[in-house]
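# Notes for the structure review
Spelled out, the chains give:
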Amino acid sequence: MKRLRVIFGCYALLAGPAVAGGDFLDRVDDSLTTSALHDAVRLRLSGTLDLEAYQLRQPAPSLIYSDGSGLFSPRLSLFLDVQIGAHVYVYAQARADRGFDPGDGGLRGRLDEYALRYTPVDNGRLNFQVGKFATIVGNWMPRHGSWDNPFITAPLPYSNLTGIWDAMAARTTDQLFLWASVRPRPAQGGEYLDKALSVPIIWGPSYATGAAVFGEIGRFDYAVEMKNVALASRPAVWDLDGSRWDRPAWNGRLGYRPNPMWSFGVSASTGSYLRPLAQRTLAPGHGLDDYREFVFGQDIGFAWHHTQFWAEVYEARFTIPTVGDARTVAYYLEGKQKLTPQLFIALRWNEQFFSTFRDRTGTAVRWGRDVWRIDIGPGYRFTPHTQLKVQYSLQHEDADARELGHMLAGQFTVRF
Amino acid sequence: MNLLRPARLVLAWSALPAFVFAQAAVEGRVTLPATRAAPVVNKRYEIVTKGGVLSTNPPLAVVYLEGTFSPPPVPPLAQVAQKDLAFIPTLLPVQVGTRVEFPNFDDTYHNIFSFSPAKRFDLGRYRSDEKPVPSVVFDEAGLVTLRCDIHEHMRALILVLPTPYFVVTDADGRYRLGGLPPGRYTVAAWLDSKTTAPSRPVDLQNGVTAHVDFP
């Protein structure tokens, strides 16, 4: 707790100069935009600096990799946007942090996104994109950045780890129960050791490599993408060299926007969730392609005046040839309300359910622990370039002997 | 939809005293700062069909007559529109007490806000067909930076002045400020948020056009 107080004290100290430097950051923004060839080529460099801190109970929830009670996770993100003529757009995102997901690792840099988009016609009906970029599935991606996300962590479907491992194939239901920490219950700390092996339904924004076709036709929009790995796959395999192209994942989304106030969408995805190194653990007669993740998602968005609301529900099925289909459903309801021009509050309810398998005695046993989590967080924008968010999360898992899980997090962001 | 309305409103107000009070005028040229590059629209997670390619907005200055003037009997009205993911105009001078409307002519949401000390507000997200058109009364002199919470490249300025006598230069820096009351005044030129050219004294007489340059 002492460490957290120190960190929030630092936030307060940083806020002062950052607020005073608002006009300076406007000039930085202007100076990082340049053009050539009579504006035919325009380039903008921008970024965010996030100072993130967590106070949590062990085991650390979701995609947070720390065995301590506190974690400081700074992140510098740099964005490059280049408009070449009217039809070509290039963008990239590079980050320096302690890991793609918050963790205890050392500072390192990565190129998280790079993409080339070609729009042959001005009406936006057809766009082609290749590179390494966020998935087109769902409606969370447009706000997953620290500045636009009302919260610090991702919703449950994008972060809650399941009993599916991507480095090994489960051969029996007992093995699946063990991996899901359902039976037997792990010793204290055991869950943390297993954590690095598990995958969620969708891993964050899923910056996998591939190609996409998308566009808008009237009130409808569509998107189809082929990526090198499934939605559940971890960041380590998102890169072009992270996996081979013999088992691509296919994702699609169809959206309907009757007016700017409402948006609706359905998404679907299929892809092999195992990494190539799992080959030696497969059941005889089966290949990696037999271990597939199928995802069907529905999303809704609403915005009017100072209120915004989003909801998504995902039904996922992991096929395990010798066990059966491991099914799970996760959803969340998220709202944001601006209370003043600078102060907002956000509330999110998340829940995930798991299907059952028969154990050796014929008893139906869930292959994961049903979980609910409530996230609440105020945010304050000091200037158009600086923002402080605080998030408190309360999580409960069924069949869990421990008390409720608590997490308190703070994030100070400077945008330039 | 009438994008010329803001300009007409400002011109109409500026011209009004010419018929009622005076015929003096001042003209000249302001040396403008260098042109900035056109903004780049962030399309990373959006399909942007219109407004994806923006034109460069040349720097403009506002020339105004300094002094103490009585407030307008009827609050003036002006507009800053949102069209093709840009504010039109990008620089709007208004007199203190002016109500500025913010019509949205795009088929997508905008969310105009300002954290400027002279006026802090957030209009939220409103549909283009909502009535009345969202508006704000600017009741304190100063510079107000408009932004859009959805489209980070969108930026515009409203310069709230305690005088009804002002004009925006053309792209070459030339201006003509007419309909002024005769007398001894000072004329100032606002160039950007950090720069206002030093005031110049001017002796205004009926039927005479004074000349003041701001190098």
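It should be noted that the structure appears before, not after, this text.
This report concerns the structure included in the present document. All chains use their own residue numbering, which begins from 1 and follows the written sequence. Both sets of labels track the order of writing: A upward for chains, 1 upward for ligands. Confidence filtering applies because this is a predicted model: local features only for residues at pLDDT of at least 70, side-chain atom pairs given and counted only at 80 or more, and all residues used for totals across whole chains, interfaces and linings. For side-chain calculations, the full set of non-hydrogen atoms in the structure is used, while hydrogens and water are omitted.

## Some points on the sheet that holds strand β13 (residues 166–168) of chain B
All names here are of chain B.
- In this scheme, strands are said to pair when DSSP sees at least two bridges between them. Numbered from the N terminus, helices here are DSSP runs of H or I no shorter than four residues, and strands are runs of E no shorter than two. The strand order across the open sheet built from 4 strands is β13-β2-β15-β16, with neighbouring strands paired in antiparallel fashion. Here the strands that pair on one side only, and so sit at the sheet edges, are β13 and β16 (195–204). Recorded for the sheet is a direction-independent mean angle of 20 degrees between the axes of neighbouring strands.
- In the sheet, strand β2 (residues 62–66) pairs with strand β15 (residues 183–192) via 5 bridges, with the strands oriented antiparallel. Counted as the bridge partner of Leu65 is Val187 from β15. Each axis is a line fitted through C-alpha atoms, and for a helix only the stretch in contact is used; angles between axes span 0 to 180 degrees, taken between their N-to-C directions.

## Some remarks on a nonpolar patch on the surface
Residues and elements named next belong to chain A.
- The grouping of Phe220, Leu254, Tyr256, Trp262, Phe264, Val266 and Phe296 at the surface amounts to a nonpolar patch, some 600 Å² of accessible area in total.
- Looking at the nonpolar patch, the elements that each hand over two or more residues are β9 (249–259) and β10 (262–272).
- It is β10 that contributes the most residues to the nonpolar patch, 3 residues altogether.
- Of note, Phe264 is situated in strand β10.
- Since its relative accessible area comes to 32%, Phe264 is described here as partly exposed. Each patch groups residues whose relative accessible area exceeds 30% and which form no salt bridge, using 9 Å between like charges and 5 Å between nonpolar side chains of Val, Leu, Ile, Met, Phe, Trp and Tyr. For accessible areas, the Shrake-Rupley method is used with a probe of radius 1.4 Å. Any residue's cover is judged against the shown protein chains and nothing else. Every case where a carboxyl oxygen of Asp or Glu lies within 4 Å of a side-chain nitrogen of Lys or Arg is listed as a salt bridge. Exposure categories follow from relative accessible area, calculated using a 1.4 Å probe and restricted to protein chains: below 20% of the type maximum is buried, above 50% is exposed, and the middle band is partly exposed.

## Structural notes on the packing of aromatic side chains
- Centre distance within 6.5 Å is the pairing criterion for rings of Phe, Tyr and Trp, where only the six-membered ring of Trp is used; planes under 30 degrees apart are then read as stacked, over 60 as edge-to-face, and the remainder as tilted. In this structure the tally under the stated criterion is 24 aromatic pairs over all chains.
- With 5.1 Å between their ring centres and 70 degrees between their planes, Phe69 of chain B and Tyr165 of chain B make a pair best called edge-to-face. One end of the pair, Phe69 of chain B, is in the loop between β2 and β3 (77–79); the other, Tyr165 of chain B, is in the loop between β12 (155–161) and β13, and 96 residues separate them in sequence. With respect to burial, Phe69 of chain B and Tyr165 of chain B carry one shared label: buried.
- Among the aromatic residues, those joined into a ring-pair cluster are Tyr273, Tyr291, Phe318, Phe354 and Trp367 of chain A.
- The lysine or arginine in question, Arg317 of chain A, covers the ring of Phe294 of chain A, its NZ or CZ lying 4.4 Å from the ring centre.
- Note that Lys336 of chain A overlies the ring of Phe344 of chain A, its terminal NZ or CZ placed 4.5 Å from the centroid. Each ring is checked for a lysine NZ or an arginine CZ that lies within 6 Å of its centre and within 35 degrees of its normal; such an atom marks a charge sitting over the ring.

## So, the interface of chain B and chain A
- Should any heavy atoms of two residues lie within 4.5 Å, those residues are counted as being in contact. Chain B puts 38 residues into the contact, and the matching count from chain A is 53 residues.
- Once two parts are brought into contact, the accessible area they lose, counted with a 1.4 Å probe and summed over both, makes up the buried area. Of the roughly 3,800 Å² buried where chain B meets chain A, counting both sides, 49% is carbon and sulfur surface.
- Across the contact surface, chain B and chain A share 11 salt bridges.
- Between Asp149 of chain B and Arg381 of chain A there is a salt bridge whose closest N-O contact spans 2.6 Å.
- Pairs of N or O atoms within 3.5 Å make up the polar contacts considered here, provided that, within protein, one atom can donate a hydrogen while the other can accept it, and that residues adjacent in sequence are counted only when both atoms are side-chain atoms. The tally of links between chain B and chain A comes to 24 residue pairs in polar contact (both at pLDDT 80 or more).
- Considering every element that reaches the side of chain B that touches chain A, the biggest residue donor is strand β9 (residues 119–125) of chain B, with 6 residues.

## What to know about the nonpolar core
- Ile164, Ile320 and Trp367 of chain A are the most contacted members of the largest nonpolar core, which has 58 residues in total.
- For this core, the elements supplying multiple residues, two or more each, are β4 (88–97), α3 (173–179), β7 (209–217), β12 (307–320) and β13 (324–338) of chain A.
- Top element by residues in this core is β12 of chain A. It accounts for 4 residues.
- Sequence-distant contacts of Ile164 of chain A, defined by excluding residues within four places in its chain, comprise Leu176, Leu197, Ser198, Val199, Tyr273, Phe318, Ile320, Ala326 and Trp367 of chain A.
- Residues enter a nonpolar core if they are buried and are Ala, Val, Leu, Ile, Met, Phe, Trp, Tyr or Cys, with the set joined through side-chain atoms within 4.5 Å. Counting residues in each nonpolar core, the second largest holds 23 residues, with Val63, Leu204, Val212 and Phe214 of chain B among its members.

## Quick notes on the pairing of β15 of chain B
- Where β15 of chain B lies against β16 of chain B, 8 bridges are found, and the strand directions are antiparallel. Within β16 of chain B, the residue paired with Asp192 of chain B across the bridge is Thr195 of chain B.

## With respect to the environment of Val137 of chain B
- Within the secondary structure, Val137 of chain B is located in strand β10 (residues 135–138).
- When the C-alpha atoms of Val137 of chain B and Pro182 of chain B are compared, they prove to be 29 Å apart, with 45 residues separating the residues in sequence.

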